[in-house]
Amino acid sequence: MNYHRTIEHYFNSTYTSWFSILDLREGTPKREHFSSEEEFIRRQGIPILLAFSCLK
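Now for a quick tour of the structure. (Residues numbered from 1 in each chain as written. Predicted model: local features only at pLDDT ≥ 70, side-chain atom pairs only at ≥ 80, totals over all residues. Heavy atoms only, no water.)

Considerations on the overall build of the protein chain
Moving on, step 1. Helix and strand counts for the protein chain come out as 2 helices and 2 strands.
Moving on, step 2. Helices and strands in the protein chain line up, N terminus first, as α-β-α-β.
Moving on, step 3. The globule rule puts the C-alpha radius of gyration for 56 residues at 10 Å, and the 15 Å found for the protein chain is more than 25% above it.
Moving on, step 4. Dimensions along the principal axes, computed over C-alpha positions, put the protein chain at roughly 45 × 25 × 15 Å.
Moving on, step 5. When the 56 residues of the protein chain are sorted by exposure, 7% land in the buried category.
Moving on, step 6. A separation of at least 24 residues holds for 63% of the contacts in the protein chain among residues at least 6 apart in sequence.
Moving on, step 7. Split by element, the accessible area of the protein chain, about 5,200 Å² in all, is 55% carbon and sulfur.
Moving on, step 8. Charge separation in the protein chain, taken as the distance between the mean sites of 7 positive and 7 negative side-chain charges, equals 7 Å. (Helix = DSSP H or I, 4+ residues; strand = E, 2+ residues; numbered from the N terminus. Rg over C-alpha atoms; globule rule 2.2 N^0.38 Å. Buried < 20%, exposed > 50% of the residue type's maximum accessible area, 1.4 Å probe, protein only. Contact = heavy atoms within 4.5 Å. Areas by Shrake-Rupley, 256 points an atom, 1.4 Å probe, with all protein chains shown as cover. Lys, Arg positive; Asp, Glu negative; His and termini not counted. Charge placed at Lys NZ, Arg CZ, Asp CG, Glu CD.)

Details of the environment of asparagine 12
Moving on, step 1. Examined against the element boundaries, asparagine 12 turns out to sit in helix 1 (residues 7–16).
Moving on, step 2. Put simply, asparagine 12 and glycine 45 are 33 residues apart on the chain and 22 Å apart in space, counted from C-alpha to C-alpha.

Focus: the side chain of threonine 14
Moving on, step 1. Topologically, threonine 14 is positioned in helix 1.
Moving on, step 2. Among the polar contacts made by the side chain of threonine 14, one reaches the main-chain carbonyl oxygen of tyrosine 10 at a distance of 2.8 Å.
Moving on, step 3. If near-sequence neighbours (up to four positions away) are discounted, threonine 14 is found in contact with Phe19, Ile21 and Cys54. (Polar contact = N/O pair within 3.5 Å; in protein donor to acceptor, adjacent residues only side chain to side chain.)

As for the pattern of salt bridges
Pairing between side chains becomes possible if they bear opposite charge and their charged atoms approach one another.
Moving on, step 1. In this structure the tally under the stated criterion is 4 salt bridges.
Moving on, step 2. The partner of glutamate 39 in a salt bridge is arginine 42, and the shortest N-O contact between them spans 3.0 Å. A residue pair is termed a helical-turn pair when its members lie 3 or 4 positions apart in one helix, as glutamate 39 and arginine 42 do in helix 2 (residues 37–44) at 3 residues.
Moving on, step 3. Residue class for glutamate 39 comes out partly exposed when judged on its relative accessible area of 25%.
Moving on, step 4. On the basis of relative accessible area, arginine 42 is assigned to the partly exposed category, the value being 46%.
Moving on, step 5. Salt bridges sharing common partners tie together Glu39, Arg42 and Arg43. (Salt bridge = Lys/Arg side-chain N within 4 Å of Asp/Glu carboxyl O.)

Here it is in structure tokens:
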């Protein structure tokens, strides 16, 4: 079972832990990694990676 937390959840958890968020990046799929256009379009709606740069 997969569970997707929202960006809001991660932001609030980080913020309430007294971290300063310096940068936020969200990864996206690349077209060349998929054999069909339908699969690529479907995967665009699924978050792949979320990276925070923080300072405490």
